[in-house]
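For reference, the chains in residue letters:
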Amino acid sequence: MTTALDAAPSPGGALAADPRTGWVPDTPFGARLALIRQRMRLNQKEAALLCDLPQQSWRNWESGRSPHEFERVCRRIAERTGCDFVWLMTGRLVGDHKLRFSTPIPRQRTTAAA
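Undergrad: Could you give me a rundown of the environment of Arg32, with the residues and numbers involved?
TA: Along the chain, Arg32 turns up in helix α1 (residues 29-39). The class of Arg32 is buried, set by a relative accessible area of 4%. Arg32 sits 30 residues away from Glu62 along the chain, and the two C-alpha atoms are 8.2 Å apart. Separated by 3.1 Å, the side chain of Arg32 and the backbone oxygen of Trp87 make a polar contact.

Undergrad: So, the packing of α1 against helix α4 (residues 70-81): which residues are in play, and what are the values?
TA: Close contact between α1 and α4 brings their axes to 12 Å; oriented N to C, the two are set at 20°. Between α1 and α4, the angle falls in the class roughly parallel. Our pair here, α1 against α4, has a crossing hand that is left-handed. Of α4, the residues touching α1 (which contributes Phe29, Leu33 and Ile36) are Phe70, Cys74, Ile77 and Thr81. Class assignment for the residues of the contact of α1 with α4 results in 6 nonpolar, 1 polar and no charged.

Undergrad: Describe the environment of Trp87, and please don't skip the residues or the numbers.
TA: Mapping Trp87 onto the fold places it in helix α5 (residues 85-90). Residues Trp87 and Phe29, spaced 58 residues apart in sequence, show a C-alpha to C-alpha distance of 9.5 Å.

Undergrad: Help me get a handle on α4, residues and values and all.
TA: Relative to the 16 Å expected for 12 residues at 1.5 Å per residue, α4 spans 16 Å between its end C-alpha atoms, a close match to the ideal helical length. Within the span of α4, buried status applies to Val73, Cys74, Ile77, Ala78 and Thr81. Viewed along the axis of α4, the buried residues span an arc of 130°, placing them on a single side of the element. Where α4 is buried, its residues touch α1, α2 (44-50), α3 (55-62) and α5. Just downstream of α4, Gly82 is the residue with a positive phi angle, here 80°.

Undergrad: Requested: an account of the packing of aromatic side chains, with residues and values cited.
TA: For the coordinates displayed, the defined rule picks out 1 aromatic pair. Taken together, a centroid distance of 5.0 Å and an interplanar angle of 65° make the contact between Phe29 and Phe70 edge-to-face. One end of the pair, Phe29, is in helix α1; the other, Phe70, is in helix α4, with 41 residues separating them in the sequence. With a relative accessible area of 7%, Phe29 lands in the buried category. The exposure class of Phe70 is partly exposed, given its relative accessible area of 23%. The side chain of Arg75 reaches across the aromatic face of Phe85, ending 4.1 Å from its centre.

Rules used in this analysis
- Residues numbered from 1 in each chain as written.
- Predicted model: local features only at pLDDT ≥ 70, side-chain atom pairs only at ≥ 80, totals over all residues.
- Heavy atoms only, no water.
- Helix = DSSP H or I, 4+ residues; strand = E, 2+ residues; numbered from the N terminus.
- Buried < 20%, exposed > 50% of the residue type's maximum accessible area, 1.4 Å probe, protein only.
- Polar contact = N/O pair within 3.5 Å; in protein donor to acceptor, adjacent residues only side chain to side chain.
- Axes fitted to C-alpha atoms, helices over the stretch in contact; angles between N-to-C directions.
- Parallel < 35°, antiparallel > 145°, perpendicular 65-115°, else oblique.
- Left-handed = near helix turned anticlockwise from the far one by under 90°.
- Contact = heavy atoms within 4.5 Å.
- Nonpolar A, V, L, I, M, F, W, Y, C, P; charged D, E, K, R; others polar.
- Expected span 1.5 Å × (residues − 1).
- Arc of directions from axis to C-beta.
- Phe/Tyr/Trp six-rings, centres within 6.5 Å; stacked < 30°, edge-to-face > 60°.
- Lys NZ or Arg CZ within 6 Å of the ring centre and 35° of its normal.

Structure representation (structure tokens):
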């Protein structure tokens, strides 16, 4: 079984995809995290902040480690990014759903009073 992406695959990316259809093979959790982050145009620190998770944990997960509380972490990431929860946990989409990502909420910059 394969998963679908709305956006065209990244050139030279780690995921082998068919640019004509947007279908990619099942991927490990870390690759799915990286895909979410890249599609939202975030670095690891920004993705971790958006999801209210430690940056080091995000980095470890993208490197192949699994969260201790896998379901809780996946639920939080799915809620904060708008990605499909089942896809994040399993790498599979149910039915003919397309994988979608939310646009991150812009962070407000604070300036110190002079």
